[in-house]
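Fold and contact review
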Amino acid sequence: MSIKEEILKLKEENDICILAHCYQNPEILEVADFVGDSFALAVEAEKVQNKNVIMCGVRFMAETVKILSPDKTVYLSNKNAGCPMAEMMDKADDGQSAYH
């Protein structure tokens, strides 16, 4: 059995939906149920009946999936996957912009 076949079998046996951000490797995109941008993937996850979701992306994407699908178990494929842009945000910022 190929690795792809094994993954597809495990997805079915464990009631898993795989979400893959479009920058993932082709091998991951091939086994994903949905491929796209972060918010669109979270919306798709909300629609599926699967009780488990694997996010192949970065941490905030998995967090968005969990917000929209609180009853699902959400796994991040790489727990250390972060987004440099999101990590640049100043947590002390009051959310006010200099631009209006």
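Preceding this section is the structure that the text describes.
This text gives an overview of the structure that appears in the document.

Considering the sheet that holds strand 1 (residues 16-21)
Spatially, the 4 strands line up as an open sheet ordered 2-1-3-4, and their pairing is parallel. Single-partner strands in this sheet number two, and they are strand 2 (34-36) and strand 4 (73-76). Taken over all neighbouring pairs, the strand axes of this sheet differ in orientation by 20° on average, direction set aside. Of the strand pairs in this sheet, strand 1 and strand 3 (residues 52-56) are connected by 5 bridges, and their pairing is parallel. Counted as the bridge partner of C17 is V53 from strand 3. Across the sheet, helix 4 (residues 59-68) is in contact with strand 1, strand 3 and strand 4; its angle to strand 4 comes to roughly 175°.

A short note on the packing of helix 3 (residues 38-47) against helix 4
Two elements in contact, helix 3 and helix 4, have axes separated by 9 Å at closest approach and are oriented at 35°. The two elements helix 3 and helix 4 cross, and the hand of that crossing is right-handed. Every residue of helix 4 that contacts helix 3 at S38, F39, A42, V43, A45 and E46 is listed here: F60, M61, T64, V65 and L68. When the residues that make up the contact of helix 3 with helix 4 are grouped by side-chain class, the tally is 8 nonpolar, 2 polar and 1 charged.

A look at the pattern of salt bridges
In total, this model carries 4 salt bridges according to the counting rule given. Measuring nitrogen to oxygen at the nearest pair gives 4.0 Å for the salt bridge that ties E30 to K4. Of this pair, E30 sits in helix 2 (residues 26-31) while K4 sits in helix 1 (residues 3-13), and the two are 26 residues apart along the sequence. In this structure, the salt-bridge partner of K9 is E13, at a minimum N-O distance of 3.4 Å. Taken together, the residues K9 and E13, both in helix 1 and 4 residues apart, mark about one turn of the helix.

Cut-offs used in this document
Per chain, residue numbering runs from 1 following the sequence as it is written. Only residues with pLDDT of at least 70 get local features here, since the model is predicted, and only at 80 or more are side-chain atom pairs given and counted; chain-wide, interface and lining totals rely on the full set of residues. Hydrogens and water are ignored here; the side-chain numbers use all heavy atoms of the structure. Two strands qualify as a pair provided that DSSP identifies no fewer than 2 bridges between them. Helical segments are the DSSP runs of H or I of at least four residues, strand segments are the runs of E of at least two, and each set is numbered from the N terminus. Each axis is a line fitted through C-alpha atoms, taken for helices only over the stretch in contact, and angles between the N-to-C directions span 0 to 180 degrees. When checking whether two residues touch, look at their non-hydrogen atoms; a contact exists if any pair is within 4.5 Å. A clockwise turn of the near helix away from the far one marks a right-handed crossing, whereas an anticlockwise turn of less than a right angle marks a left-handed crossing. Charged means Asp, Glu, Lys or Arg here, nonpolar means Ala, Val, Leu, Ile, Met, Phe, Trp, Tyr, Cys or Pro, and polar covers whatever is left, Gly included. In the sections that follow, a salt bridge refers to a side-chain nitrogen of Lys or Arg positioned within 4 Å of a carboxyl oxygen of Asp or Glu.

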